[in-house]
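Results of the structural survey
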Amino acid sequence: MCDKHETQDLSRRNFIKTSSALGAGLLLGGFAAPSFAASSEQLANGNIKSRGYAAFDNSGLLKPWEFERRPVGDNDILIEIKFASICHSDIHQMKGHWGAQQYPQVPGHEIAGIVTAVGKNVTKFKVGDRAGVGCMVDSCLDCNSCKDQGEQYCPETKFTYGYPDERSPTGITQGGYSNNIVVRDHFAVHIPENISLEHAAPLLCAGITTYSPLLKFNLKKGDKVGVVGIGGLGHLAVKLAVSQGADVYAFTSSKDKVADIKAFGAKVVVDGEDAYNEHKSQLDYLINTLPVKYDIAKYASLVKPFGTYTQVGMPEEFSLNMNALALAASRVNFNASLIGDMQETQEVVDYCAKNNILPATQLIKASEINNAWQSVVEKKARYRYVIDASTF
């Protein structure tokens, strides 16, 4: 039986032995040791131990899963995730609605947490910084898209989950329904101190996806702006447009959301088919967030001739129904928008923090994810489920 001093000495020897093995593993593997202040466990091969919830097939059922992330490279940061929110895109992709998937796969691209390690070339972040990650984690950073047209359009962009990544121990990128993530520093944004990490998380997809096209439309005070689909994206579109002085017309199929939508600042809430006729050719701009197939012409008729109509919702198979003649008759400028670039992503986080534009959130535990997904599909979410990452 060991006495107290022998036990302490044994503990020190074990610590030295473990540390030496880790250091040797890093040197043999060719890794430069990053600056750490991490609770995450770095393995002898440099990989980061992670745990989260993953889909194992296209059933849409998520289960706990332990896996490894790639080492922290010279240009990377490691983030200890505090909150990750649920986007309808997570459900579409895990269920194979956008094509066959590789499993196991961890979804989640609305991520907020604390930097716990930085690579040797990183100057943008330091250990202890508050950081967020959205829909992208890497790209070439050298093409025209990366330089000035939007990293999301780069052919080499690696999106946050489900994309081939030769550096990943699982072969694909793994998302934010987990306790940590390794990401190239360029694809993380700073989260100001005056917004909670819980409220910041939904801005990394829902916020930027609606902010980017609204920014490009250059809204003016008194513009009539239509928002179709008042869910995770739509409710933020309402708040953002209102903050720019627009008169917002919100279109919803959920009558029980009307009071909420008015509280978000909408001037008019349209919740029935008959009411659509009252607003034909009235809107200067319309943004549609519906993640399902629908007839474009129905909503195009709401926009003034030569007004602008932007699609941001991504339905199954990425396809919509379009009557070309009806769309032509409406004379609207129809376009679609894909998330936003990294500069815009930092802008929306800063803008919302400065102007106290906060998403309506419901905090859940990891064990509640599957029920939350069902609520999203049934339009019961109010309005963004946010997962407490400490429960993974």
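None of these values were measured; they are calculated from a predicted model.

The rules behind these values
Residues numbered from 1 in each chain as written. Predicted model: local features only at pLDDT ≥ 70, side-chain atom pairs only at ≥ 80, totals over all residues. Heavy atoms only, no water. Helix = DSSP H or I, 4+ residues; strand = E, 2+ residues; numbered from the N terminus. Contact = heavy atoms within 4.5 Å. Axes fitted to C-alpha atoms, helices over the stretch in contact; angles between N-to-C directions. Parallel < 35°, antiparallel > 145°, perpendicular 65-115°, else oblique. Nonpolar A, V, L, I, M, F, W, Y, C, P; charged D, E, K, R; others polar. Expected span 1.5 Å × (residues − 1). Buried < 20%, exposed > 50% of the residue type's maximum accessible area, 1.4 Å probe, protein only. Core = buried A, V, L, I, M, F, W, Y, C linked by side-chain atoms within 4.5 Å. Pairing = 2+ DSSP bridges. pLDDT = per-residue confidence, 0-100.

Let's shift gears to the environment of T173. Topologically, T173 is positioned in the loop between strand 8 (158-159) and strand 9 (180-184). A sequence separation of 58 residues divides T173 from G231, and the C-alpha atoms of the two residues are 27 Å apart. Non-local contacts of T173, meaning those with residues more than four positions away in its chain, are made with V137, K158, F159, T160, Y161, G162, Y163 and D165.

This part covers the packing of helix 5 (residues 206-217) against helix 11 (residues 342-355). Where helix 5 meets helix 11, the closest approach of the two axes is 9 Å, and the angle between their N-to-C directions is 100°. Looking at the two axes, helix 5 sits roughly perpendicular to helix 11. On helix 11, the residues touching G207, I208, Y211, S212, L215 and K216 of helix 5 are E344, T345, E347, V348 and Y351. For the contact of helix 5 with helix 11, the class distribution of residues is 5 nonpolar, 3 polar and 3 charged.

Attention now moves to helix 5. Counted at 1.5 Å a residue, the expected span for helix 5 with its 12 residues is 16 Å, and the 18 Å between its end C-alpha atoms agrees. Taken together, the buried positions of helix 5 are A206, G207, I208, T209, T210, Y211, S212, P213 and L214. Just past helix 5, the residue N218 takes up positive phi, approximately 55°.

One broad rule of soluble globular proteins: the nonpolar side chains tend to lie buried together. Judged by nonpolar contacts, the single largest core of 90 residues is most densely connected at I77, I86, Y177 and I369. Ignoring sequence-local partners within four residues, the contact set of I86 consists of E110, Y177, I364, A372, W373, V376, R384, Y385 and I387. Among the nonpolar cores identified, the runner-up in size contains 17 residues, and F251, L286, I296 and Y299 belong to it.

A few words now on the sheet that holds strand 11 (residues 224-228). Taken in spatial order, the 6 strands of this open sheet run 13-12-11-14-15-16, and their pairing is parallel. Strands at the two margins of the open sheet, each flanked by one partner only, are strand 13 (268-270) and strand 16 (333-336). Across the sheet, the mean angle separating the axes of adjacent strands is 15° when strand polarity is ignored. Inspection of the sheet shows strand 15 (residues 303-311) paired to strand 16 by 4 bridges, in the parallel sense. Across the sheet, residue T308 finds its bridge partner in strand 16, namely N333. Most of the contacts of helix 5 go to strand 14 (residues 283-288), to which it runs at about 160°, and overall it touches strand 14 and strand 15.

Assignment of secondary structure puts S145 in helix 3 (residues 144-149). Discounting chain neighbours no more than four positions away, the residues touching S145 are G150, E151, Y153 and C154.

Spanning 12 residues, helix 6 (residues 232-243) covers 17 Å between terminal C-alpha atoms, matching the ideal 16 Å at 1.5 Å per step. Counting buried positions over the 12 residues of helix 6 gives 10, a clear majority of the element. Within the sequence span of helix 6, burial applies to G232, L233, G234, H235, L236, A237, V238, K239, L240 and A241. Buried residues belonging to helix 6 abut helix 5, strand 11, strand 12 (247-251), strand 14, helix 11 and strand 18 (384-388). Looking at the residues trailing helix 6, positive phi occurs at G245, about 90°.

We now examine the confidence of the model for the chain. Summarising the model, the chain shows a mean pLDDT of 91, and 91% of its residues fall at 70 or more. Predicted confidence is poor over residues 1-31, with pLDDT under 50, and the contacts of this stretch with residues over four places away or in other chains come to 13 contacts.

Extensive coverage of strand 5 (residues 111-118) is indicated by the burial of 7 of its 8 residues. One ladder, built from 7 bridges, connects strand 4 (residues 76-85) with strand 5; its direction is antiparallel. Bridged to I81 within strand 5 is G113. When strand 5 meets strand 6 (residues 130-133), the two strands line up antiparallel, connected through 4 bridges. Looking at the pairing, I114 lines up with R130 of strand 6.

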